[in-house]
Amino acid sequence: MKNIRNFCIIAHIDHGKSTLADRLLDFTGSVTDREKQDQLLDTMDLERERGITIKSHAIQMDYEYNGEKYILNLIDTPGHVDFSYEVSRSIAACEGALLIVDAAQSIQAQTISNLYLALENDLEIIPILNKVDLPSANPEEVTDDIVDLLGCKPEEVIHASGKTGFGVDKILEAVIERIPAPKGDPNAPLQALIFDSVYNTFRGIETYFRVFNGEIKKGQKIKFVATDKEYYADEVGTLKLTQVAKQSVKTGDVGYLITGIKTAKEVKVGDTITDFAKPTTNIVEGFEDVKPMVFAGIYPVDTEDYEELRNSMEKLQLNDASLVFQPESSAALGFGFRCGFLGMLHMEIIQERLEREFDMTVITTVPNVSYHAYTNKTPDEAFIVNNPSDLPDPSTVNRVEEPYIKATIITKADFVGNVMSLCIEKRGIIINQTYLTTERVELTFEMPLAEIVFDFYDRLKTVSKGYASFDYSPIGMKTSKLVRLDILLNAQPVDALSALIHADNAQHIGKKMCEKLKELIPRQQFDIPIQAAVGAKIISRETIKALRKDVTAKCYGGDISRKRKLLEKQKKGKKRMRQVGNVEIPQQAFMAVLKLND
Ligand SMILES: Nc1nc2c(ncn2[C@@H]2O[C@H](COP(=O)(O)OP(=O)(O)OP(=O)(O)O)[C@@H](O)[C@H]2O)c(=O)[nH]1
């Protein structure tokens with residue numbers, strides 16, 4: 001046990017965690033040349049393509065240092081705010097953390113929020129100045145920033161490059177020298193913490209855990225404390241690039257467990273595994289509950305695919321417990337699901353995975369947050385509104401509350417003005433402004449979460465020319481003047497296009513929505529009026545003029561196969577359309593409200 005080190009890597013997004021992890025694996029000889037590829041731990045195709053880490057990964061490395069053999073368990077974590085819950089899980093399974101800071105970009109919003117998480121869990125922090133090979137690197141200044149943030153000595157900051165491999169030996173030395181060995185009693189009853197689970201089609205759920213006390217043996221009868229379920233440990237082992245089955249996994253170590261569990265719901269991340277006959281009295285603490293922040297409807301394009309969509313979502317949920325969904329129906333779209341996501345990126349990922357891994361074509365409706373509505377009849381009882389169309393009749397509503405967040409933005413001094421105007425436009429209230437250095441400013445705002453959902457990231461990037469980083473945490477509900485904006489196509493309300501917005505913005509957004517929809521909905525054989533309404537009041541109107549597009553008109557040659565090809569092509573184009581009444585609506589139209597400024 002004294003030669004085990006458990007550590008994670010934390011950083012702001014794109015500061016080079018996954019690349020550095022690859023170098024550590026190379027250097028310790030944990031991968032053969034044949035297995036080598038970039039971002040080795042990002043196993044999902046989607047992760048590789050987007051260059052982001054979505055799920056946590058764990059891997060064990062063997063390393064010899066000063067003549068002694070060490071086992072190093074590395075847990076790679078995602079950097080995007082949507083996935084901060086993954087970070088918190090992994091952190092609780094470690095004794096130390098490598099805090100990576102990009103030598104060109106310095107400390108960013110998530111560097112700080114992840115650092116706080118690590119400090120709360122008493123982790124030993126090893127600061128790493130990464131990407132020193134970059135021509136734009138600014139090692140002296142960024143080292144000063146790190147020293148200021150951590151209160152450490154400049155010589156404790158390790159200079160490294162994930163690209164060239166520079167400094168990797170120093171990092172491994174620091175992991176062994178500075179991070180404490182795990183503590184725990186090998187003879188105590190089993191106490192292990194679940195920090196992740198993965199669904200495998202052939203083997204069911206694989207549970208990843210860290211043993212704090214005792215050991216977990218193959219064949220042992222075990223119990224999951226929170227879910228109060230018993231299992232036999234059919235297979236246990238450690239996590240090299242592939243799984244290595246063992247007779248037991250001992251105190252301090254990280255490993256996997258296969259018990260033939262088929263549904264993800266039985267495995268709760270943060271739960272404690274213990275021995276059935278001799279249960280532990282300690283429960284591992286320190287976990288956040290995963291709460292969805294953004295909701296949207298997901299509907300099959302073809303109504304017949306509803307059951308298949310349900311199956312696909314259930315399977316997705318097996319390896320992404322943070323996805324929640326329940327059936328809902330929409331007058332416009334038929335049967336589908338109201339889904340809860342961690343954030344906008346998570347939503348995009350789910351949609352993409354449904355399409356890639358399950359070959360589903362889906363329509364996603366405008367995302368919204370979760371509101372609390374209070375009616376005059378029951379002014380003390382909150383009615384949860386996860387879908388704008390569930391908002392009770394305005395005349396009976398006493399008040400509506402919406403979730404607020406504390407937003408932290410770090411930007412350059414030059415862009416403070418721009419960032420402020422954006423945040424104020426988004427109903428933000430400035431709480432604090434601190435100069436981290438003469439160049440870099442930290443701004444803190446209180447803002448409605450709903451405003452972040454609507455095109456905030458893109459706008460922030462534009463107004464700061466990319467020099468702003470952003471992080472947020474929920475601070476509770478506040479009363480707001482909210483109204484439901486309805487859209488009528490051909491005089492028929494389309495519930496899937498409704499959105500809850502602030503009353504002061506209704507006129508403006510209603511007008512823009514109509515204009516945007518006019519652009520997005522293809523002309524059809526008849527005029528289509530588009531109207532925006534609040535309650536019974538129409539606040540804006542546009543008309544899509546009739547047109548008949550005869551795609552075969554060009555095929556004067558009369559070659560039937562050519563004609564068929566064109567019709568096929570047209571059919572494909574229609575795939576993502578949805579017939580509502582007699583109007584065909586393309587997918588983009590359902591997200592129109594998000595793109596009003598494009
Ligand atoms: N020049 C240089 N580029 C680097 C270095 N390390 C990483 N990069 C590049 O920086 C980008 C981000 O690297 P990743 O390792 O994917 O970053 P990450 O922090 O794992 O990102 P997330 O997993 O999304 O949080 C990639 O384009 C890398 O090629 C480095 O040391 N030097």
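Residues numbered from 1 in each chain as written. Predicted model: local features only at pLDDT ≥ 70, side-chain atom pairs only at ≥ 80, totals over all residues. Heavy atoms only, no water.

Per an unreviewed UniProt entry, the recorded name for the protein chain is Elongation factor 4, and the organism is Flaviramulus basaltis. According to its UniProt record, the protein chain has this under Subcellular location (unreviewed entry): "Cell membrane". Recorded under Catalytic activity (unreviewed entry), the UniProt text for the protein chain is reproduced unchanged: "GTP + H2O = GDP + phosphate + H(+)". (UniProt positions renumbered as here; feature names shortened; annotations may be inferred.)

1. Quick look at the overall build of the protein chain
Of regular secondary structure, the protein chain possesses 14 helices and 33 strands. Long-range pairs, those at least 24 residues apart, make up 68% of the contacts in the protein chain with a sequence separation of at least 6. If you sum the accessible surface of the protein chain, you get close to 27200 Å²; carbon and sulfur atoms cover 49% of it. (Helix = DSSP H or I, 4+ residues; strand = E, 2+ residues; numbered from the N terminus. Contact = heavy atoms within 4.5 Å. Areas by Shrake-Rupley, 256 points an atom, 1.4 Å probe, with all protein chains shown as cover.)

2. Some remarks on the sheet that holds strand β8 (residues 204–213)
Read from one edge to the other, the open sheet built from 8 strands follows the order β11-β10-β16-β7-β8-β15-β12-β13, with strand pairing classed as antiparallel. Taken across any chain shown, the strands that pair with only one partner, and hence form the sheet edges, are β11 (229–232) and β13 (243–246). Each strand axis lies, on average, 40° off the axis of its neighbour in the sheet, ignoring direction. Relative to β13, strand β12 (residues 235–239) runs antiparallel, the two sharing 4 bridges. By the bridge assignment for β13, Val-236 is matched with Lys-246. (Pairing = 2+ DSSP bridges. Axes fitted to C-alpha atoms, helices over the stretch in contact; angles between N-to-C directions.)

3. With respect to the sheet that holds strand β19 (residues 334–341)
If you walk across this open sheet you meet the 4 strands as β18-β19-β17-β20, and the pairing is antiparallel. The open sheet has two edge strands with one neighbour each: β18 (324–330) and β20 (362–364). Here the strands of the sheet are splayed against their neighbours by 30° on average, with no regard to which way each runs. Taken together, the 3 bridges between strand β17 (residues 294–300) and β20 define a ladder with antiparallel strand orientation. Looking across to β20, one finds that Ile-298 is bridged to Thr-364. This element, helix α8 (residues 344–358), spans β17, β19 and β20 of the sheet and lies at about 165° to β20.

4. Here's the deal with the packing of aromatic side chains
By the definition in use, this model includes 9 aromatic pairs. A centroid spacing of 6.4 Å and a plane angle of 50° characterise the contact between Phe-27 and Tyr-63, whose relative ring orientation is tilted. With Phe-27 in helix α1 (residues 17–27) and Tyr-63 in strand β2 (residues 57–65), this residue pair connects regions lying 36 residues apart in the sequence. According to the relative accessible area criterion, Phe-27 is partly exposed, its value standing at 42%. Judged by relative accessible area, Tyr-63 falls into the buried class, the value being 16%. Note on Phe-195 and Tyr-208: the rings are 6.3 Å apart at their centroids and 50° apart in plane angle, and the pair reads as tilted. Here Phe-195, found in strand β7 (residues 191–200), pairs with Tyr-208, found in strand β8; they are 13 residues apart in sequence, far enough to count as distant. You'll find Phe-195 and Tyr-208 in the same group, each marked buried. Counting every residue linked through ring pairs, the aromatic cluster contains Tyr-306, Phe-325, Phe-335 and Phe-337. Against the face of Tyr-374 rests Arg-399, its NZ or CZ located 3.9 Å from the ring centre. (Phe/Tyr/Trp six-rings, centres within 6.5 Å; stacked < 30°, edge-to-face > 60°. Buried < 20%, exposed > 50% of the residue type's maximum accessible area, 1.4 Å probe, protein only. Lys NZ or Arg CZ within 6 Å of the ring centre and 35° of its normal.)

5. Quick notes on the environment of Asp-148
Position of Asp-148 relative to the elements: it lies in helix α5 (residues 139–150). As for Asp-148 and Leu-323, which are separated by 175 residues in sequence, their C-alpha atoms are 38 Å apart.

6. Some words on the UniProt feature "binding site: GTP" (unreviewed entry) in the protein chain
UniProt records the feature "binding site: GTP" (unreviewed entry) for Asp-14, His-15, Gly-16, Lys-17, Ser-18, Thr-19, Asn-130, Lys-131, Val-132 and Asp-133 in the present numbering. Using a relative accessible area of 7% as the deciding quantity, one classes Lys-17 as buried. Within the element layout of this structure, Asp-133 appears in the loop between β5 (124–130) and α5. Setting aside residues up to four positions removed in sequence, Asp-133 forms contacts with Ser-161, Lys-163 and Thr-164.

7. Some details on the pattern of salt bridges
Under the criterion given, the structure shown has 24 salt bridges. Salt-bridge contacts for Arg-353 lead to Glu-357; the nearest nitrogen and oxygen are separated by 3.0 Å. Of this pair, Arg-353 and Glu-357 are both found in helix α8, 4 residues apart, which corresponds to roughly one turn of the helix. When the shortest N-O distance is used, the salt bridge between Lys-516 and Glu-519 registers 3.4 Å. Of this pair, Lys-516 and Glu-519 both sit in helix α12 (residues 506–520), 3 residues apart, which is roughly one turn of the helix. Here the salt bridges share partners, and the residues they tie into one network are Glu-402, Lys-426, Arg-427 and Glu-451. (Salt bridge = Lys/Arg side-chain N within 4 Å of Asp/Glu carboxyl O.)

8. Some remarks on the pairing of β17
In terms of burial, β17 is largely enclosed, as 7 of its 7 residues are buried. Every second residue of β17 is oriented toward a common face, with Val-294, Ala-296, Ile-298 and Pro-300 on one face and Phe-295, Gly-297 and Tyr-299 on the other, all of them buried. Strand direction decides the pairing type here: β17 and β19, joined by 5 bridges, are antiparallel. Paired with Val-294 across the strands is Phe-341, a residue of β19.

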